[in-house]
Amino acid sequence: MRNDVEFKGIRDHLKDFFRSRNTYVGLLVAVAFGILVWRLYSIQIVNGDEYKQKAAETVMTTAEITVKARRGNIYDCNGVLLATTRTAYRVDMVNTPDEQAFRDDMYLRLINLLESNNDTYTNYLKRYITPDLQWGSSLAGEEKEAQRGNWINNLVSGRKKSDRDSIVTAEDAFYYLKDQVLKISEEYSVEDAYKIMIIRYATFTYGLSSLTPMELASDACKETMEYLTAHSYEFPGISTEEVYYRVYVDDAYASHIIGYVHAISQEEYEALRDKGYSRDDIIGKTGVEKAAEEYLKGVNGTRVVYRDADGIIKTLSYTPPVAGSDVYLTVDYSLQSKTMQILEETIADIVAMKDGVKNFGDACAAAAVVENVKTGEILAIASYPYYDNNIFVAPSTDSAAQQAIVDLFQDPTSPVLNRATQGLYPIGSTIKPLISIAALDSGTITSKTVVECQKKMTISGRIHSCLSRHGKVSLITALAKSCNVYFYTVGIETGIDTIDQWAKAFGLGEKTGIEISEYAGCRSNPATMKLREKDIYHVWSDSDTAQSSIGQLYTLFTPLQLSNYAAALSNGGYLNTPHVISKVLNAGGEEVYTDAEVNLQRTHTGASAWALGLVKEGMTEMVKQNNNVSAAFKSFPEGFVCAKTGTPETGMEAFGESSHSVFICYGPASSPEIAVSVLIEHGSSGSNASPAAGKIFDAYFHADTDIGHQTFSGYRYGWQSLVFEPYEDKTNNSNGTNN
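Note that the structure is predicted; figures quoted are calculated from it, not measured.

J.: Give a detailed account of helix α14 (residues 333-352), specifying residues and quantitative values.
T.: Helix length check: α14 (20 residues) gives 29 Å between terminal C-alpha atoms against 28 Å at 1.5 Å per residue, within 8%. Among all positions of α14, only Y333, L335, Q336, S337, T339, M340, I342, L343, T346, I347 and I350 are buried. The inward-facing, buried residues of α14 contact β3 (81-93), α10 (255-258), β12 (365-372), β13 (378-384), β24 (674-681) and α27 (690-701). Its side-chain oxygen placed 3.0 Å from the backbone nitrogen of S334, D332 serves as the N-cap of α14.

Set out below in structure tokens:
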């Protein structure tokens, strides 16, 4: 045996085992594992059925409630509030195990509270039985006999046949519903019983969940919310939720621009539900409300609720809503308001001048557009008559508002139509600057080309007339005196295809690209003739070209297209993209959209500076020579305004219907800033629209004075630099044509 080897016994090994740290760690792990195994065994085997039931109950007793986002505001370019939201409260109810007698008394107190605060609440019963015990709107009238029969059959379903025979009148139905179906206590008066039945009928018809709330009132005030919150123990199952309603702030003069919101349609819901819309959402229907819907809407939040073991509803999770973004317009509401007032006054003045010869006193509608010629920003876009868009956001219980909506769409003057972007009109002689450019830049004429006007001329076998015998006229004089014969002749020589190309280049008969709804209209050409002419054998002739050259025949453009056309005449031939949205700020105040790029979205028409200069001289000369027009702009220096009148015929003049009145202008001539178009339906004469344009110029350039004030204030410009310098004809022009 070796003496240097030490042998250990069992006792020694045990001492080493219990002295080791690893031993205690291992024992701790083993104990923990054992406890976990026993817990799993207890949950899954011993108490498995109980926990399965609880899990099922948890899943079944949760509900997700949408928390609506506040819609963004709409402001004008100066921050004037035009559309906003007001805060209200929705009153909801869930089922509770309280006795029915207690609940009936609670319903009565709740309805009385809502009525005392003039809150809007839901009354489904009123559709069938009114508070004075008459048949409601869904059942009243002889024509509704079948509907009454069906409703009564549903009411007595599962009961004795004799019950059906006992119900003849609305009063019979009320007492049967009260006593036999809902079993309302006799202690209540008829009036109070009806109030209780308002809620009882809803729960009877649609059921009442113990978790998913039923809406009782859609538009309750803050006082109602505070009372229900303070007395929650008296109203078990009743809760309130903050909601928002659209309000249009004294903006009737901009109703066509702002538009309105209304309940989402089924078609809209199907198209937008993947973007977070629900069946009870409101959505922009027209105007900026529709155009900027994606910015204004906001993002709805959610509240997930559950019922605990004691039957109390609690919030499991909450995602707050994100308010919609605020939209700022290019429109100056002060100028917009003045423009609308000017149109209304101008119509009244024209009607007062009725002569029964050309003016039949039938002027009743108008439109005007004021555009920044450098950017396409719309400063005012007026359509008269206008309407109150608040009627579209009134509750369905507001019978006056609902009737106002019906009346609005039945009004023969069509106030809901935005005439500035959707009104299609012949434009008469306001097309003559376009014909001039087409003829000049195609080489058909020069500035010195002379045409002799003897008041009438025969073209393709038809007699075409002028307003006067002008004798020998060249371009400047033809524009100034609006000589039809000159433009008949020049138009035919230029050709309809060339004219059509230039009209398209200037945006006439084309959508402008503005954000709100617009119509394209149509240009007068052989293609349009095939679409609109009933005589399929009609072949385009020089007579048709002549008519097209004075803005008649099939010509139909919008006032917005006219202002954009006038802007292009003024700014060197650039066609803008008109727009009414300037910028959008999100709920955090960050800029998420600006019109900086749109301001630069302009295409050149191809018009030469030479041709544009000649047209400007002719339009300036027209203002000087037309007494009505020069009087309209008497508060401005001579040569400040370039303009053209138009008197498009409606074809009904022989039957006592006046022609339209159209006017386009821009200024200052030497440094153009704004372009204006005015159209008066049945305004009789083009010059009749010029006073409106003159007052709009006053409202814009004399912003710190009353409309029509004749003292220059220099508010926007240094007036000494605005004197018009006549165009000087050059032999060598920009397109190489000799003149």
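J.: Mind laying out helix α9 (residues 222-230), listing which residues take part and the relevant values?
T.: Of all the positions in α9, only T224, M225 and L228 are classed as buried. When α9 is viewed along its axis, its buried side chains cluster within an angular range of 100° and face the same direction. Buried residues along α9 sit against β3, α4 (100-116), β5 (214-220) and β6 (238-248).

J.: Report on the layout of surface pockets, specifying residues and quantitative values.
T.: Quantified by volume, the second largest pocket comes out at close to 1,200 Å³. If you trace the second largest pocket, you find 45 residues lining it, with L467, Q552, T647, P648 and E649 closest to the centre. Of all the secondary-structure elements, those providing two or more residues to the lining of the second largest pocket are β16 (462-465), α18 (475-481), α19 (484-494), α25 (609-625), α26 (627-632) and β22 (642-646). In terms of residue class, the lining of the second largest pocket is built from 13 nonpolar, 26 polar and six charged.

J.: Would you mind going over empty space enclosed by the protein in detail, with residue names and values included?
T.: Evaluation of the coordinates by the stated rule reveals two cavities of 30 Å³ or more. When its volume is computed, the largest cavity comes out at roughly 80 Å³. If you trace the largest cavity, you find it lined by L110, I111, L114, Y121, T122, Y124, I198, I199, A202, M214, E215 and L216. Mapped by element, the contributors of at least two residues to the lining of the largest cavity are α4, α8 (190-206) and β5. A class-by-class count of the residues in the lining of the largest cavity yields 10 nonpolar, one polar and one charged. Volume-wise, the second largest cavity comes out at about 70 Å³. In terms of lining, the second largest cavity is formed by I431, I496, I499, D500, A503, R523, S524, S548, T555 and F557. Among the elements that make up the lining of the second largest cavity, the one with the highest residue count is helix α20 (residues 496-505) (four residues).

J.: Could you give an account of the sheet that holds β12, naming the residues involved and the relevant values?
T.: Read from one edge of the open sheet, five strands run β13-β12-β24-β23-β22, paired in antiparallel fashion. Each of the sheet's edge strands pairs with one partner strand only, and the pair in question is β13 and β22. Between one strand axis and the next, the sheet turns by 5° as a mean value, whatever way the strands run. Note that β22 and strand β23 (residues 661-667) share five bridges and pair antiparallel. The partner of G646 across the bridge, within β23, is V662. Sitting on the sheet, α27 touches β12, β13, β23 and β24, and the angle it makes with β24 is about 145°.

J.: Describe the pairing of strand β1 (residues 62-67), listing the residues and the values that go with them.
T.: Burial along β1 is one-sided: the residues A63, I65 and V67 are buried and none of T62, E64 and T66 is. With six bridges joining them, β1 and strand β9 (residues 301-307) adopt antiparallel strand pairing. Looking across to β9, one finds that T66 is bridged to T302.

What counts and how
Residues numbered from 1 in each chain as written. Predicted model: local features only at pLDDT ≥ 70, side-chain atom pairs only at ≥ 80, totals over all residues. Heavy atoms only, no water. Helix = DSSP H or I, 4+ residues; strand = E, 2+ residues; numbered from the N terminus. Expected span 1.5 Å × (residues − 1). Buried < 20%, exposed > 50% of the residue type's maximum accessible area, 1.4 Å probe, protein only. Contact = heavy atoms within 4.5 Å. Polar contact = N/O pair within 3.5 Å; in protein donor to acceptor, adjacent residues only side chain to side chain. Arc of directions from axis to C-beta. 1 Å grid on protein atoms, 1.4 Å probe; cavity = no way out; pocket = protein on both sides within 12 Å on 5 of 7 lines; lining within 4 Å. Points joined across faces, edges and corners; volume = space filled by probe spheres on them. Nonpolar A, V, L, I, M, F, W, Y, C, P; charged D, E, K, R; others polar. Pairing = 2+ DSSP bridges. Axes fitted to C-alpha atoms, helices over the stretch in contact; angles between N-to-C directions.

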